[in-house]
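Secondary and tertiary structure notes
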Amino acid sequence: MLSSEAVKIGLMGCGTVGSGVIKVILENGEYIAQRLGRPLVIKRVLELDPTKVTALGLAESVVTNDFNDIQTDPEIDIVVELMGGIEPARTFVLGALRAGKNVVTANKDLIALHGREILETAQEMGRDFYFEASVGGGIPIIIPLKQSLAANKIQVVMGIVNGTTNYILTKMAREGRTYAEVLQEAKSLGYAESDPTSDVEGYDAARKIAILASIAFNTRVTFPDVYVEGITRISTLDLEYGKELGYALKLLAIAKEEAGEIDVRVHPAFIPVNHPLASVNDVFNAIFIRGDFVGDVMHYGRGAGQRPTASAVVGDIMEVARNMQSGSSGRISCTCFEQKRIKPINEIESRYYIRLMLKDRPGVLASIAGVFGNQEVSLASVIQKRTEGDFAELVFVTHRVKEGSLQDALKIIGGMSIVGAINNVIRVEGEAE
Ligand code: NDP
Ligand code: HSE
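In this text the structure is predicted, and so the values were computed from the model without any measurement.

Broken down by element type, the chain carries 15 helices and 18 strands. Since a compact globule built from 433 residues should have a radius of gyration of about 22 Å, the 24 Å found for the chain is in line with a globular shape. Across its three principal directions, the C-alpha atoms of the chain cover 85 × 45 × 35 Å.

Moving on to helix 9 (residues 179-188). Within helix 9 the residues assigned to the buried category are Tyr179, Val182, Leu183 and Ala186. When helix 9 is viewed along its axis, its buried side chains cluster within an angular range of 105 degrees and face the same direction. Structural note: helix 9 exposes Ala180 and Ser188 on the side pointing more than 90 degrees away from its buried face. Buried residues along helix 9 sit in contact with helix 8 (163-175) and helix 10 (197-200). Just past helix 9, the residue glycine 190 takes up positive phi, approximately 80 degrees.

Attention now goes to the sheet that holds strand 5 (residues 102-105). With parallel pairing, 6 strands are arranged side by side in an open sheet as 3-2-1-4-5-6. Of all strands in the sheet, those bounded by a partner on one side alone are strand 3 (63-64) and strand 6 (129-130).

It is worth spelling out the packing of aromatic side chains at this point. Considering all chains together, one arrives at 7 aromatic pairs under this definition. Between the aromatic rings of phenylalanine 129 and phenylalanine 131, the centroid separation amounts to 5.4 Å while the plane-to-plane angle is 35 degrees, which identifies the pairing as tilted. Here phenylalanine 129 and phenylalanine 131 have matching classes, each one buried. Ring geometry for tyrosine 203 versus phenylalanine 223: centroids 6.2 Å apart, planes at 75 degrees, classification edge-to-face.

This paragraph deals with the site of ligand 2. Around ligand 2, the structure places Lys108, Asn162, Gly163, Thr164, Asp199, Asp204, Lys208 and Ala304. For ligand 2, an oxygen atom lies 3.4 Å from a polar atom in the side chain of asparagine 162. In this structure, a nitrogen atom belonging to ligand 2 sits 2.8 Å away from a side-chain N or O atom of aspartate 199. Starting from 260 Å² of accessible surface for ligand 2 in isolation, the protein chains cover 83%.

Glancing now at the domain arrangement of the chain. Splitting the chain by domain gives domain 1 (7-137 + 306-326), domain 2 (142-302) and domain 3 (345-428). Centre-to-centre separation of domain 2 and domain 3, based on C-alpha positions: 25 Å. Listed as interface residues are 18 residues of domain 2 and, on the opposing side, 17 residues of domain 3. Both sides together, the interface formed by domain 2 and domain 3 hides about 1600 Å², and carbon and sulfur atoms give 55% of it. A per-residue breakdown of the area domain 2 buries against domain 3 is headed by Tyr241, Leu245 and Phe270, which together make up 33% of the total. Here domain 2 and domain 3 share 3 salt bridges between them.

Right, let's talk about the nonpolar core for a bit. Among the nonpolar cores identified, the biggest contains 74 residues, and Phe129, Val157, Ile168, Ile209 and Leu212 are the most heavily contacted of them. The dominant element in this core, judged by the number of residues it contributes, is helix 11 (residues 203-216), at 9 residues. Once you skip the residues sitting within four places of it in the chain, leucine 212 turns out to touch Val135, Ile141, Ile142, Leu145, Val157 and Ile287.

What follows is about the packing of helix 8 against helix 12 (residues 236-244). Contact geometry for helix 8 and helix 12: axes closest at 9 Å, N-to-C directions at 70 degrees. Comparing their axes, helix 12 and helix 8 come out roughly perpendicular. Judged by the twist between their axes, the crossing of helix 8 over helix 12 is right-handed. Touching Leu169, Met172 and Ala173 of helix 8 are Thr236, Leu239 and Lys243, all from helix 12. Looking at the contact of helix 8 with helix 12, its residues break down into 4 nonpolar, 1 polar and 1 charged.

Conventions and cut-offs
- Residues numbered from 1 in each chain as written.
- Chains lettered and ligands numbered in written order.
- Predicted model: local features only at pLDDT ≥ 70, side-chain atom pairs only at ≥ 80, totals over all residues.
- Heavy atoms only, no water.
- Helix = DSSP H or I, 4+ residues; strand = E, 2+ residues; numbered from the N terminus.
- Rg over C-alpha atoms; globule rule 2.2 N^0.38 Å.
- Buried < 20%, exposed > 50% of the residue type's maximum accessible area, 1.4 Å probe, protein only.
- Arc of directions from axis to C-beta.
- Contact = heavy atoms within 4.5 Å.
- Pairing = 2+ DSSP bridges.
- Phe/Tyr/Trp six-rings, centres within 6.5 Å; stacked < 30°, edge-to-face > 60°.
- Near = heavy atom within 4 Å.
- Polar contact = N/O pair within 3.5 Å; in protein donor to acceptor, adjacent residues only side chain to side chain.
- Areas by Shrake-Rupley, 256 points an atom, 1.4 Å probe, with all protein chains shown as cover.
- Domains from an automatic or database assignment.
- Buried area = accessible area lost by both parts, 1.4 Å probe.
- Salt bridge = Lys/Arg side-chain N within 4 Å of Asp/Glu carboxyl O.
- Core = buried A, V, L, I, M, F, W, Y, C linked by side-chain atoms within 4.5 Å.
- Axes fitted to C-alpha atoms, helices over the stretch in contact; angles between N-to-C directions.
- Parallel < 35°, antiparallel > 145°, perpendicular 65-115°, else oblique.
- Left-handed = near helix turned anticlockwise from the far one by under 90°.
- Nonpolar A, V, L, I, M, F, W, Y, C, P; charged D, E, K, R; others polar.

So this is what it looks like as structure tokens:
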């Protein structure tokens, strides 16, 4: 039965996602009210520029530039933080929870650093703190991990969680264009930020995998715990040679639990072309999960953008409203009840693709193979590619080895006079030996 008593929302930030949230609530308002049994109403919007809000059809009186107008309004049930960044978002989110409000956010920067403090505050106050849109935009992943997959011991979470870098790598691979050219295009299409550092250096993906790893492995993983490499060193040659070897190149966010220890990292990786993540292209995201009972599951969709992200935010608002109605707010609390060691990168094991420029003369290959052998790096294949002056380019692919052994070998190789350059080293994931 439809109640006329509305669920009142205080929205903070009316940018890309905030304005999307207003649009969903206005356009689908009647439908949402039928599903929820009560309408959603945006009571206040914290925004410095009122025209952003009035342009969407809300009255100017709704707009405020003072957080207190939201925090102290007894009618506001749910505060939705879509300003981004750490401060003042952290202070406002904590203030809203302490004032007895439920909170919804899409802010991965905030959760990946201060998730524990915020979740503990929500728990203390018996309030909800939902953040589905913080990872994978419109793709349902946080609630499925916390609820539908909760009975499983999760072994692996691996995904493509940054749309901008996936777009760049897809275009470079398909069209043979350079990194710089495609980055420029991604900016002009509005995918990459005007300062795309956090996307291309892998920081955005690192924040997202920190959030997923914390939930999947019941332990607190923060942004600084994640080993990160971005895509800025990738060249069209790597993509071309990878294709010849049967690989696609992706910026992967990986979290694995082995023997009670966590391996959590973001870096470019080759994966076999028949791997489910290899066909995730353009700005799409996908997250692959392996659980001990469910087996393999993959979530796929639009990982960013106004409409998909707003879809996830409003889904959270509706779930919080249902909890309020049933008197069960604060039901889903922090699940980080264990402490697990995070492995340093030199302890992980992987296969590696190594692209080297070597003097083009007899005996050189044997010397390099000898160094790898002495450091216990076993080679699976070697291919000679182009030549440049006195140098030939060689691509080595190793068997599964310890990262530390590989780095030791590369340190020695980098100092040899027969070596022109170590052009690139890329991990190979997702295939059996
Ligand atoms: P925008 O920069 O487009 O929007 C942020 C809005 O908040 C702007 O209108 C900004 O105003 C306003 N704002 C910032 N600080 C204040 C403040 N102190 N007081 C009042 N208003 C303020 O960001 P997005 O909408 O893209 O992102 C919002 C959140 O959603 C971020 O946490 C982001 O990481 C997350 N997210 C975004 C996705 C996307 O596709 N865009 C996808 C998934 C998550 P002004 O411009 O005047 O500073
Ligand atoms: N910049 C992010 C991306 C979107 O390219 O995926 C926000 O999560």
